[in-house]
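Commentary on secondary and tertiary structure
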Amino acid sequence: MVSLRFLLFFLFVSSVYATIVSHDGRAITIDGHRRVLLSGSIHYPRSTPEMWPNLIKKGKEGGLDAIETYVFWNAHEPTRRQYDFSGKLDLIRFLKTIQDEGLYGVLRIGPYACAEWNYGGFPVWLHNMPGMVFRTTNKAFMDEMQNFTTMIVDMVKKENLFASQGGPIILAQIENEYGNVMGPYGESGKEYIKWCANMAQSLDVGVPWIMCQRNDAPRPMYHGGTNFNRTAGGPYITTSYDYDAPLDEYGNLNQPKYGHLKQLHDVLHSMERALTYGNISTIDFGNYASATIYKTEKGSSCFFGNGNENSDATISFQGESYVVPAWSVTILPDCKNEAYNTAKITTQTSMMVKKSNEAENIPSTLKWSWRPENMDNFLLKGKGESTQTQLFDQKVVTNDQSDYLWYMTTVKFKKRDLFLGKSMSLRINSTTHVLHVFVNGKHIGNQHAENGKFNYVFEKDVKFKSGRNVIALLSITVGLANYGAFFENKPAGITGPIFITGINGDETIVKDLSAHKWSYKTGLNGFENQLFRTESMFKWSVESVPFNRTMTWYKATFKSPFGNDPVVVDLMGLGKGAYHAEKCLTNCGEPTQRWYHVPRSFLNAEGDNTLVLFEEMGGNPSLVNFQTTRVGSVCANVYEKTIIELSCDRKSIFVIKFASFGNPYGNCGSFEKGSCESSNNAVDILTQKCIGKEKCSIEISKEKFGAPDCGGAPRRLAVEAIC
């Protein structure tokens, strides 16, 4: 049967959902009134404080009642008992910004988040505590989880931000998405969830606690944002967390999704009393078609659902006939007149474009200087910070303070050693995401985990010398695992075994290096010396800037782009993460993510800005440049008897490129006139109505455009306007 649950499924794929909770499971009661609250997520660390007011305002204008946010444990407590709530981690400032906009808040403390965030939001130091097991009845884990959760609650209480104190927070969440991983934890998992609930209730916040437990629970990703710094989960999750949300990564309206959801929110708000107080009944029409009716003493509201993915459904209800498109829901607030259908888009489509940086004389060319990463201590001396006679998981050594870890050892051969002069190879069993291998200062190769297989073998022929040989292995992580039962135990790094193999005729000689004396060094010198700081005193060369060189730093200056459009840096040409010709069908040679968001608050509006890049694999920085992103054109293709609004989002409508009322066909950017056309010139009508304005509205009717003879078929207007 298709009912309100089917509508909630639609809301799930549209990145927003209705929060409907209370003692009776239907509605939340606020000030004695039952409410249907429409909520969407905006994660404060994935944007900047300067962006928050605009994002939250757009959420409100889009029909949201509440803003949800995760609280990321590893962002706020990167080192045990050392906390950070500064800058984009200022949780209290974010919650007060929600309050200032007159919206409610949903505080998702977790503290497990998932959310494609590094290590699911857990700090790595937690994993490295003795006897630690995550998300089960493990005393060490529960003590640390309770400490962090209590600290967050106390911070929020101190500022009077819970609804029970007159603040905006109406719901709090403990744990997250546990229902789909609970099985492997057995009875301990069930006891853990009970403990979570009891612990949360003991904090006495005065608002309901919720758990997002189901594996099919909606993801309310209203603004995805950006995984800045090293916060992207993994392995191999991009910094963009756009998720095709109603507000895109940069804060732009993602049309038509934003407008389509706004219309839905308006309709649901108009039905609030029926949804929260009405008696519910259902009718099954067969063939996956159904009706759900909410009836009160003042009237009824209806949802007609068609769960058939391939064909439309005709529903007869109270003497009227309604056509419900395949795989959609129609909403009738009065059970008579259709106000909304999930499959019928009546809002504009916005086509985004990138514009070159007009603040630069030659916007596509930056002047580069460079310097190599200094690796001599590692490659030639094998000198690190600590030594052990075993191979450790990278998380244990680095505590997630860096993505880079050097494993170094020395191997000595006598002149008459059986290994020397034979066919020799170095064999490394690895679980690191990216591996670079050096022998006696020479880079002999690299390899990375692919196709979801993070246990692999690197093997390469190597020529060793008599005397001392230095083997230096650079292990690189690209986001730690963030999901699944016991995900904290997924290895990362070089855990071995490692062998040198020599072949002498039919005889194979194997030397196991796993228990050798290994020297460890976290990080790279360039990061340690903070080459990315503008006040860095290290010398950079402007002569013969090399391309396709591994382990190289590049630096350039640039002007901040004019205006207030979001800024992106185009990293086309760089090597790491590029699609290789033998393993791609499209975008060959291009990076998996090309454009990176640079919030304007990061930039100096006046004077120069400095960009520093580190290239691991070898690439061409000459193609790197700064651009802005904005609405380039807007389109609509809607049936008559509707009102369409065209908006260029802070820019004026420049020209009507195409307009036709009748039966036009095609898509935005490639519309064509059909076989019937209105008598009045649609381009002229829209030109007069819209040109020079930021937005315009027009009713689509035969009285306005003329009455084309389309043989009884529904008439529609297709329009494309250039901003």
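As recorded in an unreviewed UniProt entry, the protein goes by the name Beta-galactosidase, listed as coming from Brassica campestris. The Subcellular location (unreviewed entry) comment attached to the protein in UniProt states, word for word, "Secreted, Extracellular space, Apoplast".

So, the UniProt feature "domain: SUEL-type lectin" (unreviewed entry) in the protein
Here, UniProt's "domain: SUEL-type lectin" (unreviewed entry) annotation points to residues 638-723. Counting secondary structure, residues 638-723 comes out at 15% helix and 34% strand; the distance between its end C-alpha atoms is 20 Å.

Some details on the confidence of the model for the protein
On average, residues of the protein score 91 in pLDDT, and 94% of them reach the 70 mark or higher. Here residues 1-25 scores under 50 on pLDDT; set against residues more than four positions off or in separate chains, the count is 86 contacts.

Observations regarding the state of the cysteines
Per the counting criterion, the structure on display carries five disulfides. The disulfide partner of Cys302 is Cys335, and the gap between their sulfur atoms is 1.9 Å. One quick way to see it: the torsion about the S-S bond of Cys302 and Cys335 is about 95°, and its sign makes the bridge right-handed. Here Cys302, found in strand 11 (residues 299-306), pairs with Cys335, found in the loop between strand 14 (328-332) and strand 15 (340-341); they are 33 residues apart in sequence, far enough to count as distant. What makes Cys335 buried here is its relative accessible area of 4%. There is a disulfide in this structure between Cys676 and Cys710, and the S-S distance comes to 1.9 Å. Judged by the sign of its S-S torsion, about 90°, the cystine formed by Cys676 and Cys710 is right-handed. Separated by 34 residues along the polypeptide, Cys676 in the loop between strand 34 (655-662) and helix 13 (682-690) and Cys710 in the loop between helix 14 (702-705) and strand 36 (716-722) bring together distant segments of the chain. According to the relative accessible area criterion, Cys710 is buried, its value standing at 15%.

A look at unusual backbone geometry
Cis geometry marks the peptide bond from Gly110 to Pro111, where omega comes out at 0°. Positionally, Pro111 belongs in the loop between strand 6 (104-110) and helix 5 (124-127). The linkage connecting Gly234 with the following residue, Pro235, adopts the cis geometry, with an omega of 0°. Along the chain, Pro235 falls in the loop between strand 8 (209-210) and helix 8 (257-270). In this structure, Asn229 is a non-glycine residue whose phi angle is positive, near 55°. We note that Asp649 has phi near 50°; this positive angle belongs to a residue other than glycine. Structurally, Asp649 is set in the loop between strand 33 (642-647) and strand 34. The class for Asp649 is buried, based on a relative accessible area of 18%.

The rules behind these values
- Residues numbered from 1 in each chain as written.
- Predicted model: local features only at pLDDT ≥ 70, side-chain atom pairs only at ≥ 80, totals over all residues.
- Heavy atoms only, no water.
- UniProt positions renumbered as here; feature names shortened; annotations may be inferred.
- Helix = DSSP H or I, 4+ residues; strand = E, 2+ residues; numbered from the N terminus.
- pLDDT = per-residue confidence, 0-100.
- Contact = heavy atoms within 4.5 Å.
- Disulfide = S-S within 2.5 Å.
- Buried < 20%, exposed > 50% of the residue type's maximum accessible area, 1.4 Å probe, protein only.

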